[in-house]
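A closer look at the structure
Read off the chains here:
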Amino acid sequence: MVTLLNLIHSDIRMDEVTQAVENLKKEWSQAVSQLEESIAAIGSCGKTGKGTEEANSLPRLNGSAQDALQLLKSLQFRLDLLAQQLPTFEEVQSGQATLESWDEQYKKLRASLRNANLQAKENIRKAAQDERELLLGGGEESTIRRRNLQTKAGMTSAAESITESLRRSRQMMVQEVERSASTLATFDESTSVLRKAEGEYQGHRSLLMRTRGLLSTMQRQDVLDRVILTIGFIIFSLAVLYVVSRRIGLLTLQRKLADAIRSGSLSAEDIVTKARHGPAAANVPAPTPPIYDEL
């Protein structure tokens, strides 16, 4: 019964691991989409002609992209842990292949992010140069544009500062969540090992009980064998004593006959006659002769 419950629990555990791997794949797809959007936004910075504003928003976009990269790295780590716990060898191999493809995709995304930043810096440089030429041109339009830029720059700087603080807080929370997930995975693995050890202990316990029963049966059989051997030895000893006593009696009779023949009180013919007709009746009185009257 305990073994059956362990098997059921093991199947449930394997189903949970498979479902967790599927959830990781969905999270990976969402994180990749988010990162690709951030990379596209970074690559388009400076193309609208607002070099200063977009230069201020570039750190925020890079922070979002770095958060997505951290999430992808975390998903890779979690998949590496879960791939070893999949129920079948084929699923383990598939999980390892998925992990390798994720690693390659992660490297490509990092390279794309680096290229997007280079492109954004070039775009911002060109936009800033255009703005500088426009501001140095003079006139009322240039004055209004300088004021607007200063106001927007201050607001953007404050927003960027708040965003950076929030990003750092989010990154710390993500790290704590990853640490907690790793701890939970370790606890789950330890629990699985303990349950496996408990199942093995139950199996050894039943084996020991069966062994104890066999030993008790062997002990009873040993006592029975000892009793049988003792009775057989006693019967054999009595038979030997009987045979020896009979043999000793025959030897004594032969010795007496030999002494009688040797002394001459008994001849060999008498012995043969007695052997054929049996011994003569002892103490039988001789027949009385008939008495005749004389007239």
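Per chain, residues are indexed from 1 in the order of the written sequence. For this predicted model, a pLDDT threshold of at least 70 governs which residues receive local features, and a threshold of 80 or more governs which side-chain atom pairs are given and counted, while totals over whole chains, interfaces and linings are taken from all residues. The side-chain quantities take in all heavy atoms of the structure and omit both hydrogens and water.

In plain terms, the rule: UniProt positions are given in the numbering used here, feature names are shortened, and annotations may be inferred rather than shown by experiment.
An unreviewed UniProt entry annotates the chain as Sec20 C-terminal domain-containing protein of Urochloa decumbens. According to its UniProt record, the chain has this under Subcellular location (unreviewed entry): "Endoplasmic reticulum membrane". What UniProt records for the chain under Sequence similarities (unreviewed entry) is the sentence "Belongs to the SEC20 family."

1. As for the layout of surface pockets
Here is the rule we go by: Each cavity reported here is a set of points on a 1 Å grid over the protein atoms alone in which a 1.4 Å probe fits but cannot get out, each pocket an open set with protein on both sides within 12 Å along at least five of seven lines, and each lining residue one with an atom within 4 Å of a point. Grid points are joined across faces, edges and corners, and a volume is the space filled by probe spheres set on the points. A run of H or I in DSSP becomes a helix once it reaches four residues, and a run of E becomes a strand once it reaches two; helices and strands are each numbered from the N terminus. Each residue gets one label: Ala, Val, Leu, Ile, Met, Phe, Trp, Tyr, Cys and Pro are nonpolar, Asp, Glu, Lys and Arg are charged, and the others, such as Gly, are polar.
The volume enclosed by the second largest pocket comes to roughly 310 Å³. What lines the second largest pocket is a set of 17 residues, among which Ala20, Leu82, Ala181, Ala185 and Asp188 lie closest to the centre. Looking at the lining of the second largest pocket, the elements with two or more residues in it are helix H1 (2-43), helix H2 (51-83) and helix H4 (140-263). Looking at the lining of the second largest pocket element by element, the count peaks at seven residues for H1. Tallied by class, residues from the lining of the second largest pocket come to nine nonpolar, three polar and five charged.

2. Let's talk about empty space enclosed by the protein
Applying the stated criterion across every chain, the model contains one cavity of 30 Å³ or more. Taken together, Asp67, Gln70, Leu71, Arg170, Gln171, Val174 and Gln175 make up the lining of the largest cavity. Breaking the lining of the largest cavity down by element, the ones donating at least two residues are H2 and H4. Here the lining of the largest cavity is composed, by residue class, of two nonpolar, three polar and two charged.

3. Notes on the pattern of salt bridges
Definition in use: Counted as salt bridges are all cases of a side-chain nitrogen of Lys or Arg within 4 Å of a carboxyl oxygen of Asp or Glu. Buried means the residue's accessible area, taken with a 1.4 Å probe over protein chains only, is under 20% of the maximum for its type, while exposed means over 50%, and partly exposed covers the values in between.
All told, the structure shown has five salt bridges when counted by the stated rule. Notably, a salt bridge pairs arginine 78 with glutamate 27, separated by 3.7 Å at the nearest N-O pair. On the criterion of sequence distance, the pair formed by arginine 78 in helix H2 and glutamate 27 in helix H1 is long-range, its members being 51 residues apart. Across the salt bridge formed by aspartate 67 and arginine 170, the nearest N and O atoms sit 3.5 Å from each other. Linking aspartate 67 in helix H2 with arginine 170 in helix H4, this pair joins segments that are 103 residues apart in sequence. Residue classification places aspartate 67 among the buried positions, given a relative accessible area of 11%.

4. A word on the nonpolar core
Inside soluble globular proteins, nonpolar side chains tend to come together where they are buried. Rules: Grouping buried Ala, Val, Leu, Ile, Met, Phe, Trp, Tyr and Cys residues that are joined through side-chain atoms within 4.5 Å yields what is termed a nonpolar core. Only heavy atoms matter for contacts: two residues are in contact if any of them lie within 4.5 Å across the pair.
Grouped together as the largest cluster of nonpolar side chains are 29 residues, with contacts concentrated most on Trp28, Leu35, Ile42 and Leu72. At the level of secondary structure, the elements contributing two or more residues to this core comprise H1, H2 and helix H3 (89-135). Sequence-distant contacts of leucine 35, defined by excluding residues within four places in its chain, comprise Ala65, Ala68, Leu69, Leu72 and Leu109.

5. Here we look at the side chain of asparagine 117
We count it as follows: Any N or O atom pair separated by 3.5 Å or less is treated as a polar contact, with the protein-specific requirement of one donor-capable and one acceptor-capable atom, and with residues adjacent in sequence counted only for side-chain atom pairs.
The residue asparagine 117 is located in helix H3 in this model. There is a polar contact of 2.8 Å between the side chain of asparagine 117 and the side chain of asparagine 62. Not counting chain neighbours up to four residues away, the residues in contact with asparagine 117 comprise Ile42, Leu58 and Asn62.

6. Some remarks on the packing of aromatic side chains
Rule in force here: For this analysis, a ring pair means two rings from Phe, Tyr or Trp (six-membered ring only for Trp) whose centres lie within 6.5 Å, classed as stacked if their planes differ by under 30 degrees, edge-to-face if by over 60, and tilted for the remaining angles.
In total, this model carries one aromatic pair according to the counting rule given. Between tryptophan 28 and tryptophan 102, the ring centres sit 4.3 Å apart and the planes meet at 0°, which makes this aromatic pair stacked. One end of the pair, tryptophan 28, is in helix H1; the other, tryptophan 102, is in helix H3, and 74 residues separate them in sequence. Of the residues examined, tryptophan 102 reaches a relative accessible area of 5% and is grouped as buried.

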